[in-house]
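# Inside the fold
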Amino acid sequence: MASAITTLAADAPTLSAANTGFMLICSALVMLMTPGLAFFYGGMVRVKSSLNMLMMSFISLGIVTILWVLYGFSLAFGTDSGSLIGWNSDYVGLSGIGITELWDGYTIPVYVFAVFQLMFAVITPALISGALADRVKFSAWVLFTALWVTVVYFPVAHWVWGAGGWLFELGVIDFAGGTAVHINAGAAALGVILVIGKRVGFKKDPMRPHSLPLVMLGAGLLWFGWFGFNAGSWLGNDDGVGAVMFVNTQVATAAAMLAWLGYEKLRHGSFTTLGAASGAVAGLVAITPSGGSCSPLGAIAIGAIAGLLCAMAVGLKYKFGYDDSLDVVGVHLVGGVVGSLLVGLFATGGVQSDAAGLFYGGGLEQLGKQAIGVFSVLAYSLVASALLAFLLDKTIGMRVTEDDEVVGIDQIEHAETAYDFSGAGGGAASRNTPAAPIHSAANKKVDA
């Protein structure tokens, strides 16, 4: 076994049942975020696309789990090679790991660390799917997910969190995934939609959420699971840093929600449930990289800034003409950039590390490091994701046909619909003639 995996010194950490149990609970919380995301996205689309949206998130639990076990964990967290990628044959298939073998420097088993990080890998490609609603072949999405985590997520996770990764060694602070998860996914979403184009009827037809209660349920599950996502990223409970992150997660999310709603009221005259849900997610995104380095007052500022800027950013798709269906770019990319850069301003130097931001006497050094991390991940993910989408589009095709998109991707790709009203009885529904076959001309005129 490689000496970097297990510390054999006499004063080495010993397995902590408390920390191990805590991290298993956090892993389960992060796993719940992916179904929560599915509900969040599923409620935001039209009826005819809701099942497809659920599946685009849910399938990640299958694909990424298998790839992570086979080689993903090794690429992300194995022994560093050139500061760009990792590899450890003991991690391939998780076959060479002892059941009580500890993650280096911590009191939890390697298995626990591996499964916790797996849940991050699962949700990241699922985040991308919200930008592609209504128009992507499910088979193409499955293949894109497998290729993307291999080419983009696993290497970026090593850069940011792996021992020897070049951003890790540079000193970029990303407590729980501002760069590796949110900027990575948001930039990927932008790259793909620039390749595959707009939905039929973009900027012409109303494309309102079909179920705002479903959106709110999804947002609530995300908020709940995010405590595991963020507080768990300290990998233990021994020194209070995770507790600070837990508090900051709640505080920043609240501030972002209020800021988004305030902007909505001033700009559009209403407080919307969709705005409340989106603002909360924006706050969760922004505090993810920064919450382990700032105070609760700093978390309020970070959340409020992110809520305001993300609320402003979601309208840019109409100005610039890119069809980011569910505002992945506006929330995850912009929120991730904001949260990551604000570490360089609000880091106190007294929580996760002694690195201090500009407002706490640290000068511009940490801000410069954060900017390098932000824009290197953004550029790599944007270009690599666009290239993957281009190659798939030119080979197997990424999009369903225009006619199929109008009929509804749920029927075309999954042979199902989200809601069955055939047994409701009474009213106009009972007087309707039998439904035409899926591919009939009559159904192709329906736009739920």
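Attention here is on the structure that accompanies the text. (Residues numbered from 1 in each chain as written. Predicted model: local features only at pLDDT ≥ 70, side-chain atom pairs only at ≥ 80, totals over all residues. Heavy atoms only, no water.)

## Quick look at the packing of aromatic side chains
Defined as follows: Each pair of aromatic rings taken from Phe, Tyr and Trp, with Trp reduced to its six-membered ring, is defined by centres within 6.5 Å and is described as stacked if the planes are under 30 degrees apart, edge-to-face if over 60, and tilted in the remaining cases. Helix and strand definitions follow DSSP, with helices as H or I runs of at least four residues and strands as E runs of at least two, each counted in order from the N terminus. Summary of the burial criterion: residues with accessible area below 20% of their type's maximum are buried, those above 50% are exposed, and those between are partly exposed, where the area comes from a 1.4 Å probe applied to protein chains only.
One pass over the structure, following the stated rule, counts 25 aromatic pairs. The interplanar angle of 85° and the centroid separation of 4.9 Å between the aromatic rings of Phe77 and Phe113 together place this pair among those described as edge-to-face. Taken together, the positions of Phe77 in helix H2 (residues 50-77) and Phe113 in helix H3 (residues 110-129) put the pair 36 residues apart, joining distant regions of the chain. The class for Phe77 is buried, based on a relative accessible area of 8%. On the basis of relative accessible area, Phe113 is assigned to the buried category, the value being 4%. Ring centres of Phe120 and Phe229 lie 4.2 Å apart, and the angle between their planes is 15°; this geometry places the pair in the stacked category. Here Phe229 lies in helix H7 (residues 212-231) and Phe120 lies in helix H3, a separation of 109 residues in the sequence.

## Side note on the environment of Met44
For clarity, the threshold we go by: Contact criterion: two residues are considered in contact whenever any of their non-hydrogen atoms come within 4.5 Å of each other.
Residue placement: Met44 occurs in helix H1 (residues 17-44). Spatially, the C-alpha atom of Met44 lies 37 Å from that of Gly368, the residues being 324 residues apart in sequence. Setting aside anything within four residues of it in sequence, one finds Met44 in contact with Arg208, Pro209, Val215, Leu274 and Leu326.

## So, the packing of helix H6 (residues 178-196) against helix H12 (residues 328-346)
Quick note on the threshold: Interaxial angles span 0 to 180 degrees and are taken between N-to-C directions of axes, which are lines fitted to C-alpha atoms, for helices over the stretch in contact. Whether a crossing is left-handed or right-handed is set by the direction in which the near helix is turned from the far one by less than a right angle, anticlockwise for left-handed and clockwise for right-handed.
The N-to-C vectors of H6 and H12 enclose an angle of 145°; their axes lie 8 Å apart at closest approach. As for the relative orientation of H6 and H12, their crossing is left-handed in sense. Of the residues in H12, those touching H6 at Gly178, Thr179, His182, Ile183, Ala185, Gly186, Ala187, Ala189 and Leu190 are Val328, Val329, His332, Leu333, Gly336, Val337 and Ser340.

## Re the side chain of Ser340
Among the secondary structure elements, Ser340 is positioned in helix H12. Setting aside residues up to four positions removed in sequence, Ser340 forms contacts with Gly178, Thr179, Ile183, Pro289, Gln370 and Val374.

## Structural notes on the pattern of salt bridges
Stated formally: By convention in these notes, a salt bridge is any Lys or Arg side-chain nitrogen within 4 Å of a carboxyl oxygen on Asp or Glu.
This model, assessed by the stated rule, comprises 7 salt bridges. Residue Arg46 pairs with Asp134 through a salt bridge whose shortest N-O separation is 3.1 Å. Linking Arg46 in the loop between H1 and H2 with Asp134 in the loop between H3 and helix H4 (138-161), this pair joins segments that are 88 residues apart in sequence. Look at Arg46 and you get buried, because its relative accessible area is 6%. Overall, the relative accessible area of 2% leaves Asp134 in the buried class.

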